[in-house]
Amino acid sequence: SSDVCSSDLLKKSGIKPLAVLTAIGQIKENFSQGIDPFRKDDNRKPLPKPVRYAQIIYGSYREKLFSNNAVDFDDLIFMTRELLMQDRELQQRLHKRWPHVLVDEFQDTNHKQMELIQLLSGSDQNVCVVGDDDQSIYGWRGAEIKNILGHKLNAKLLQSSDPLWSTDKDMGVMKVDFQIGRAH
């Protein structure tokens, strides 16, 4: 097949699909920050194989998504952010409907996600974030630890020295709370 996005070609390359999707996400993140990810730089060290492959297939990948009326995870974040930036009335309606924003695994948010959180929380900045800077695992996916260490949200930092791992007893209480919440 001449299709550069074909799974056969990817298998032959020995590159893991997740590595290519990660590189595509990085390309989109660069575009969103006004950086041309395809710019040639003679001083830059050679790009890893998944990044080179992602650069080769990026156009075809975007065309496939478009022709299938589909988006990927990065598009969901980016397009929602763009929509809220352009449509302040929609942003206000969403904020009125959901005046509080809860973000779990905050340490694993990237630049686009942080902007989306700020847009969703509106001027009130009613945001509750949960995260652990020692547990950040998505740096390879663009996560920025500075979001939790030097957050720009109007928030109070509560720290706990105790691990917050759930026990079966805790989960039972949570299930009851969620059931009560649905009953109202």
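What counts, and where the lines are drawn
- Residues numbered from 1 in each chain as written.
- Predicted model: local features only at pLDDT ≥ 70, side-chain atom pairs only at ≥ 80, totals over all residues.
- Heavy atoms only, no water.
- Axes fitted to C-alpha atoms, helices over the stretch in contact; angles between N-to-C directions.
- Helix = DSSP H or I, 4+ residues; strand = E, 2+ residues; numbered from the N terminus.
- Parallel < 35°, antiparallel > 145°, perpendicular 65-115°, else oblique.
- Left-handed = near helix turned anticlockwise from the far one by under 90°.
- Contact = heavy atoms within 4.5 Å.
- Core = buried A, V, L, I, M, F, W, Y, C linked by side-chain atoms within 4.5 Å.
- Buried < 20%, exposed > 50% of the residue type's maximum accessible area, 1.4 Å probe, protein only.
- Phe/Tyr/Trp six-rings, centres within 6.5 Å; stacked < 30°, edge-to-face > 60°.
- Salt bridge = Lys/Arg side-chain N within 4 Å of Asp/Glu carboxyl O.
- Expected span 1.5 Å × (residues − 1).
- Polar contact = N/O pair within 3.5 Å; in protein donor to acceptor, adjacent residues only side chain to side chain.

> Before we move on, can you summarise the packing of helix 4 (residues 73-86) against helix 6 (residues 111-121) with the specific residues and values?
Axis separation between helix 4 and helix 6 bottoms out at 9 Å; the angle between their running directions is 40°. Compared by their axis directions, helix 4 and helix 6 come out oblique. The two elements helix 4 and helix 6 cross, and the hand of that crossing is left-handed. Here F73, D74, I77, F78, T80, R81, L84 and M85 of helix 4 lie close against helix 6, whose contacting residues are K112, Q113, E115, L116, L119 and L120.

> Outline the nonpolar core, listing residues and values.
Ranked by size, the top nonpolar core spans 13 residues in total, and within it L10, I15, V20, I24, Y53, A54 and I57 carry the most contacts. Contributing elements (two or more residues each) for this core: helix 2 (17-32) and helix 3 (49-67). Formed by 6 residues, the second largest nonpolar core is a distinct cluster that contains V103, F106, I117 and V127.

> Please set out the packing of aromatic side chains residue by residue, giving values where relevant.
One pass over the structure, following the stated rule, counts 3 aromatic pairs. Measuring from ring centre to ring centre gives 6.0 Å for F31 and Y58, while their planes differ by 45°; the resulting arrangement is tilted. Within this pair, whereas F31 is found in helix 2, its partner Y58 is found in helix 3, the two being separated by 27 residues in sequence. Judged by its relative accessible area of 38%, F31 falls in the partly exposed class. Geometrically, the ring pair formed by F38 and Y58 is tilted, given 5.9 Å between the ring centres and 55° between the ring planes.

> Talk me through the pattern of salt bridges; I want residue IDs and the actual numbers.
Going through the model one piece at a time under the given rule, you end up with 8 salt bridges. In this structure, D75 engages R62 in a salt bridge whose closest nitrogen and oxygen atoms are separated by 2.9 Å. With D75 in helix 4 and R62 in helix 3, this pair connects stretches of sequence that are 13 residues apart. Assessed through its relative accessible area of 5%, D75 is described here as buried. Among the salt bridges present, the one from D74 reaches K112, with a minimum N-O distance of 3.9 Å. Separated by 38 residues along the polypeptide, D74 in helix 4 and K112 in helix 6 bring together distant segments of the chain. Pair check on accessibility: D74 and K112 agree, each one buried. Connected through shared salt-bridge partners, K28, R62, D72 and D75 make up one network.

> A description of helix 4 should follow, citing residues and the corresponding values.
Here helix 4 is 14 residues long and its end C-alpha atoms lie 20 Å apart, about the 20 Å a rise of 1.5 Å per residue gives. Inspection of helix 4 places D74, D75, I77, R81 and L84 among the buried residues, and these make up the whole buried set. Elements in contact with the buried residues of helix 4: helix 2, helix 3, helix 5 (88-97) and helix 6. At the N-terminal boundary of helix 4, the capping side chain belongs to D72, with an oxygen 3.3 Å from the backbone nitrogen of D74.

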